[in-house]
Amino acid sequence: MASCSKSELADRPDNTPVEIAVNGINVTAQSRAPFEGSIASDNTLLAKVLVSKTAGNYVTIWNTADDQMLFTDANQVGFQTTPSYFPTDGSEVSLIGFYPSTGWTNVHSGIATNNFDYTIDGKSDVMFAKEVKTKKSEALAGTYPTLAFEHLLTQLVIKVEAESAAAAAATSAGGWGKVTDICLVAANKKDIPPVVRIAAATGTPAYRSDETTDEDLESLPCYIVDEDGTFTDDVFAPIEMSYPTDADAATFEAPAVAYSLVRPVTTANISKDHYTLLVKTESEPDGRQVLVTLKDSSDVDFVSPTTGYAFNITLTFKATDIEAKATVTEWKQGGNTSIDIE
């Protein structure tokens, strides 16, 4: 990684090459796969960055600047592998950024238009930094643009609890037994998972189910949140349910056991059934669909687009049903949702 300080640049003559550099903005998110916290020396963000001499058009990139930048704090950074320099004629360049830094598919839809696709996998915190512009004279003056990375998905964290020891008991004792799988099968009645498509000119995301052709992706998996609260890349595995006892009933809290980063609900009609989970247990190996209606912080149905929001969904297993309750966490402020499973 190379970077230039203001003092280094100030004394350079106009004909001296000046490296293209940008600032990284502090990003808050959650996932090992959600990126969590602010960019810092011990919490870095590795992003793919494209540079073009034509705003909104990345069919032809400038000076082969199709590389990665490693953001370690809010200071300016340049490309990791090969530095890219401003045009010698002083003209302006445009930049866009992608996270994760790999896995994007470049789809050319016209001479002056680029679209970039990322297939949602449930464990990747897909972010995009809209186009910014800069030029050599600004860098010489110590002024750098900022790539502001924004979350394109919705984060769902699944908590699981049994209402009682009887509900958590093994199937042979009349209980649910272990939870064997949790996955997402619909977002506001739409297929899961789709492709996120970014239009370079506007930075506007679209969520395209028609771009998904893999028949194995009819549902989106959840991934393990371990006992330390760490988001992992491991697909959900069977767990025994926790439940409150007489001794800890007043302080018991359902543990987070899984998460998935999913397609947002973005349509106008989003007053209920935001998401549909398929929950499998030892007693119901084929699974049961559980409708999740998200709530805002006032416990009212969530009616805003869920892009960039994070929700806790608590699944409570009762005698014969499953109750789901969702609450908004981190990212943007949302609400709570609980679902009883009976």
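Caption draft 1: A look at the overall build of the protein chain. Counting secondary structure elements, the protein chain contains three helices and 23 strands. Residue burial in the protein chain is summarised as follows: out of 342 residues, 48% are buried. Looking at the protein chain alone, contacts between residues at least 24 apart form 68% of all its contacts between residues at least 6 apart. Of the roughly 15,200 Å² that the protein chain leaves accessible, carbon and sulfur atoms contribute 46%.

Caption draft 2: Structural detail: the nonpolar core. Counting residues in each nonpolar core, the largest one holds 58 residues, and the members touching the most others are Ile158, Val160, Tyr275, Leu315 and Phe317. Beyond its immediate chain neighbours, meaning those up to four positions away, Val160 contacts Val179, Ile182, Ile239, Met241, Ala254, Pro255, Val257, Leu315 and Phe317. Within the second largest apolar cluster, 25 residues are counted, among which are Phe79, Phe86, Tyr99 and Leu147.

Caption draft 3: Main features of the pairing of strand β17 (residues 231–235). As defined by bridge partners, strand β16 (residues 223–225) adjoins β17 across two bridges and the pair is classed as antiparallel. By the bridge assignment, Tyr223 is partnered in β17 with Val235. Taking the residues that link successive antiparallel strands as the turn, the β16-β17 hairpin has five residues, and the phi of Gly229 there is positive, at about 85 degrees.

Caption draft 4: Here's a closer look at the packing of aromatic side chains. Following the criterion strictly, the structure yields eleven aromatic pairs and no others. Seen from their ring centres, Phe71 and Phe149 are 5.9 Å apart, and the 65 degrees between their planes marks the pair as edge-to-face. Remark: Phe149 occurs in strand β10 (residues 149–151) and Phe71 occurs in strand β3 (residues 66–71); sequence separation between them is 78 residues. Residue Phe71 is classed as buried on the basis of its relative accessible area of 0%. Judged by its relative accessible area of 6%, Phe149 falls in the buried class. On the basis of an interplanar angle of 40 degrees and a centroid distance of 6.0 Å, the ring pair of Tyr223 and Tyr259 is categorised as tilted.

Caption draft 5: How the structure looks around the environment of Lys295. Counting through the fold element by element, Lys295 comes out in the loop between β20 (288–292) and β21 (310–317). With a relative accessible area of 23%, Lys295 lands in the partly exposed category. Sequence separation between Lys295 and Val328 is 33 residues, and the spatial gap between their C-alpha atoms is 7.7 Å. There is a polar contact of 2.6 Å between the side chain of Lys295 and the side chain of Asp301.

Caption draft 6: Just the side chain of His274, in detail. Here His274 lies in the loop between β18 (256–262) and β19 (275–281). Judged by relative accessible area, His274 falls into the buried class, the value being 0%. Of the polar contacts made by the side chain of His274, one reaches the backbone nitrogen of Leu294; its length is 2.8 Å. Apart from residues lying up to four places away in sequence, His274 is in contact with Ala186, Ala187, Asn188, Val265, Val292, Thr293, Leu294 and Phe302.

Caption draft 7: Main features of the pairing of β20. Across five bridges, the pairing between β19 and β20 is antiparallel. Paired with Thr276 across the bridge in β20 is Leu291. Linking two consecutive strands that pair antiparallel, namely β19 and β20, is a turn of six residues; a positive phi of about 90 degrees is found at Gly287 within it.

Caption draft 8: Here's a closer look at the sheet that holds β20. Strand order in the open sheet made by the four strands is β15-β12-β19-β20, with antiparallel pairing throughout. Strand pairing shows two members of the sheet lacking a second neighbour, β15 (220–221) and β20, which therefore form its edges. Summarising the sheet, strand β12 (residues 179–187) and β15 pair through two bridges and their orientation is antiparallel. Bridge pairing in β15 places Leu184 opposite Leu220.

Caption draft 9: Summary view of the state of the cysteines. Scanning all chains against the criterion turns up zero disulfides. In this structure Cys183 is not part of a disulfide, and its nearest cysteine sulfur, from Cys222, lies 7.0 Å away.

Caption draft 10: Representation of the environment of Ser84 within the structure. One can find Ser84 in the loop between β4 (76–77) and β5 (93–99). When the C-alpha atoms of Ser84 and Asn63 are compared, they prove to be 6.4 Å apart, with 21 residues separating the residues in sequence.

Caption draft 11: Spotlight on the environment of Arg288. In this structure, Arg288 sits in strand β20. In the structure, Arg288 is positioned ten residues away from Leu278 in sequence and 5.5 Å away in space, judged by C-alpha atoms. Here Glu284 takes part through its side chain, which lies 2.5 Å from a polar atom of the side chain of Arg288.

The rules behind each value
- Residues numbered from 1 in each chain as written.
- Predicted model: local features only at pLDDT ≥ 70, side-chain atom pairs only at ≥ 80, totals over all residues.
- Heavy atoms only, no water.
- Helix = DSSP H or I, 4+ residues; strand = E, 2+ residues; numbered from the N terminus.
- Buried < 20%, exposed > 50% of the residue type's maximum accessible area, 1.4 Å probe, protein only.
- Contact = heavy atoms within 4.5 Å.
- Areas by Shrake-Rupley, 256 points an atom, 1.4 Å probe, with all protein chains shown as cover.
- Core = buried A, V, L, I, M, F, W, Y, C linked by side-chain atoms within 4.5 Å.
- Pairing = 2+ DSSP bridges.
- Phe/Tyr/Trp six-rings, centres within 6.5 Å; stacked < 30°, edge-to-face > 60°.
- Polar contact = N/O pair within 3.5 Å; in protein donor to acceptor, adjacent residues only side chain to side chain.
- Disulfide = S-S within 2.5 Å.

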